[in-house]
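# Overview (structure and organization)
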Amino acid sequence: MSKALLFFLFMTAAQAQKAPVMHPDPQGALAVYRQNLALLRQEYTRQRELPDLPFFLFGMGNRTKLIYQQGRLVEALTGHIVEQWRVQQALIVPSEYLVHLTLMDSTTVQLREDETGVWMYQPGKAPQLVKGTRSRISLPAFSDKKYGPVLRVLHHEVLINVIGGKPVPNFLVYATPWFRDAALMGMVMQQTSNLHLIRDWILKIRDPFDRNNHGISEPDNLGQVLYLVSLVSDQKHPAVRMVLDSVQRFSKPFPAGPADTVTVRSVSQPSPASLSPQALYLTGQTDYAEHPVYQTKWLKFGMQSLGLPDSFSIPKVYDSYSALFWWAYTDQHVPGKEFDEGSGKNYPYLVWAEDHFNRRTGTPTRRGLVGNLSYPLSWEQQASNARYAGMTILDKSLMKQKLSFPHTWHAAEMFLFLADSQ
């Protein structure tokens, strides 16, 4: 190898490791983001008031989780203070993953996360990569999208809740992944080239149920596991056989004779002229209620994602969760009562998914709530299995309110809706 080539490779490597420069215009970037968010609120006028607690989370993907709040940068899970400053003014720019501080002596400090890690810029010091944050992630600008700056924040709120390789709804209040939330997170990460963040976790899945709702084996998990496997593996993944072995437990045949069902195309066979009396559907408890349409849709989609044959058909009955499945089988749906205002307030992902379904089926609605804050944009409240004590690191009132933010299912639904709208 020539000396010239060695020098070129050395310089290329050095440039790749070079720290990025400070953001030149935090005020301007914040103005652009606020304008974009205001545009969204003009289109989606239903608003939710949330506690105004200025903070920002750093550590997307499998990086150390950090919180900036009130002049301190702390490790989110231990409370250990990484740095602290006497701050005159703090400017949080969510769309740039940036906190810009003006100190009491009028010098400036910037904390900024990028595709390499979390950087700290302090007066008189070289840019410093915060310990435990160096790793590769993909952070698209979404500059071709109408709500690009908002999408960047929603993307952050999905990636910030990957911890130790596991996709969780909120890393402060949930210790384990939920397959429902993880599947939607997987859809986002597939679009943004970030599946490597959860690949090892998916490869290690063996139990086809997360049992997070008081130990209940929820049949929609079966299809969600198959779909997650399809993102990084194939039919040989050990979880596939475990899912297929578990399917029979929740399968129910349609009655013989004229069945109140919708004929659908099998993964491996052409659509039959009439439904076989032996066709099956799934039934069981999901969120403490039976949702046979939603559960069967998930199973069929998971099987299709892996190229597996299936003999399941979607029942033609009203199911309040049917509209949560907006990306496939949208014509297999019986209209009925939509989610009420309380559900939209506490579990906003339900209504955003419903809006997505309605738009795709030609009856658009705008019931999805947008919070009053610039950050975070997603939340969940009054969840039965969340440990809200974890939110006290931000504020004790959040535990009393049973409120957590950001929340991945909500962020993912909003992200996928807005990314799909242009």
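Because the structure is a prediction, the values reported are computed rather than measured.

Right, let's get into the environment of glycine 186. Within the secondary structure, glycine 186 sits in helix 4 (residues 179–191). Classification of glycine 186 as buried rests on a relative accessible area of 0%.

The next subject is the sheet that holds strand 5 (residues 81–84). The strand order 2-3-4-5 describes an open sheet built from four strands, whose pairing is antiparallel. Every other strand in the sheet has two partners, leaving strand 2 (56–58) and strand 5 as the edge strands with one partner each. Here the average twist between neighbouring strands, direction ignored, is 20 degrees. Sheet analysis places strand 3 (residues 66–69) next to strand 4 (residues 72–75), joined by four bridges and oriented antiparallel. The residue of strand 4 that forms the bridge with leucine 66 is glutamate 75.

The tally for this structure, following the rule as stated, stands at 15 salt bridges. Here glutamate 113 ties to arginine 63 by a salt bridge, and the two come within 2.8 Å at their closest N and O atoms. Taken together, the positions of glutamate 113 in strand 8 (residues 108–113) and arginine 63 in the loop between strand 2 and strand 3 put the pair 50 residues apart, joining distant regions of the chain. The same class applies to glutamate 113 as to arginine 63, namely buried. For the salt bridge of arginine 199 with aspartate 200, the shortest nitrogen-to-oxygen distance reads 3.9 Å. Residue classification places arginine 199 among the partly exposed residues on the basis of a relative accessible area of 39%. One network of salt bridges, in which partners are shared, links Arg180, Glu218, Asp220 and Asp287.

Read from one edge to the other, the open sheet built from five strands follows the order 6-7-8-9-10, with strand pairing classed as antiparallel. The open sheet is flanked by strand 6 (87–93) and strand 10 (128–129), the only strands paired with a single partner. As paired elements, strand 9 (residues 118–121) and strand 10 share two bridges and run antiparallel to each other. Looking across to strand 10, one finds that methionine 120 is bridged to glutamine 128.

Moving on to unusual backbone geometry. Note that the residue after tyrosine 375, namely proline 376, is joined by a cis bond; omega there is -5 degrees. Of note, the amide linkage connecting phenylalanine 405 to proline 406 takes the cis form, showing an omega dihedral of -5 degrees. With a phi angle near 75 degrees, serine 106 is a residue other than glycine that sits in the positive phi range. If you trace the backbone, serine 106 turns up in the loop between strand 7 (98–103) and strand 8. Not every positive phi belongs to a glycine, and arginine 211 is a case in point at roughly 55 degrees. Inspection of the secondary structure puts arginine 211 in the loop between helix 5 (199–203) and helix 6 (220–232). Judged by relative accessible area, which is 35%, arginine 211 ranks as partly exposed.

Let's shift gears to the packing of helix 2 (residues 26–43) against helix 3 (residues 148–159). Remark: helix 2 packs on helix 3, axes separated minimally by 8 Å, with the N-to-C direction vectors making an angle of 95 degrees. It follows from the interaxial angle that helix 2 and helix 3 lie roughly perpendicular. Residues Val32, Tyr33, Asn36, Leu37 and Leu40 of helix 2 lie in contact with helix 3, whose contacting residues are Gly148, Pro149, Val150 and Val153. Among the residues making up the contact of helix 2 with helix 3, the classes are represented as seven nonpolar, two polar and no charged.

Another point: the confidence of the model for the protein chain. With 90% of its residues at a pLDDT of 70 or more, the protein chain shows a mean pLDDT of 91. pLDDT under 50 marks residues 3–16. Its contacts with residues more than four places away, or in other chains, come to two contacts. Scored below 50 in pLDDT, residues 257–277 shows 42 contacts in the model against residues more than four places distant or in partner chains.

This part covers helix 7 (residues 238–250). Buried within helix 7 we find Ala239, Val240, Val243, Ser246, Val247 and Phe250. With its buried residues spanning 130 degrees around the axis, helix 7 presents them on a single face. In helix 7, the exposed positions angled more than 90 degrees off the buried face are occupied by Arg241, Asp245, Gln248 and Arg249. Where the residues of helix 7 are buried, they touch helix 6, strand 13 (251–253), strand 14 (280–282) and helix 8 (292–306).

Of all hydrophobic cores here, the largest spans 128 residues; its most connected members are Leu40, Phe58, Trp85, Val150, Trp298, Trp327 and Phe405. Ranked by residue count, the leading element in this core is helix 12 (residues 408–419), at nine residues.

About the cut-offs
- Residues numbered from 1 in each chain as written.
- Predicted model: local features only at pLDDT ≥ 70, side-chain atom pairs only at ≥ 80, totals over all residues.
- Heavy atoms only, no water.
- Helix = DSSP H or I, 4+ residues; strand = E, 2+ residues; numbered from the N terminus.
- Buried < 20%, exposed > 50% of the residue type's maximum accessible area, 1.4 Å probe, protein only.
- Pairing = 2+ DSSP bridges.
- Axes fitted to C-alpha atoms, helices over the stretch in contact; angles between N-to-C directions.
- Salt bridge = Lys/Arg side-chain N within 4 Å of Asp/Glu carboxyl O.
- Parallel < 35°, antiparallel > 145°, perpendicular 65-115°, else oblique.
- Contact = heavy atoms within 4.5 Å.
- Nonpolar A, V, L, I, M, F, W, Y, C, P; charged D, E, K, R; others polar.
- pLDDT = per-residue confidence, 0-100.
- Arc of directions from axis to C-beta.
- Core = buried A, V, L, I, M, F, W, Y, C linked by side-chain atoms within 4.5 Å.

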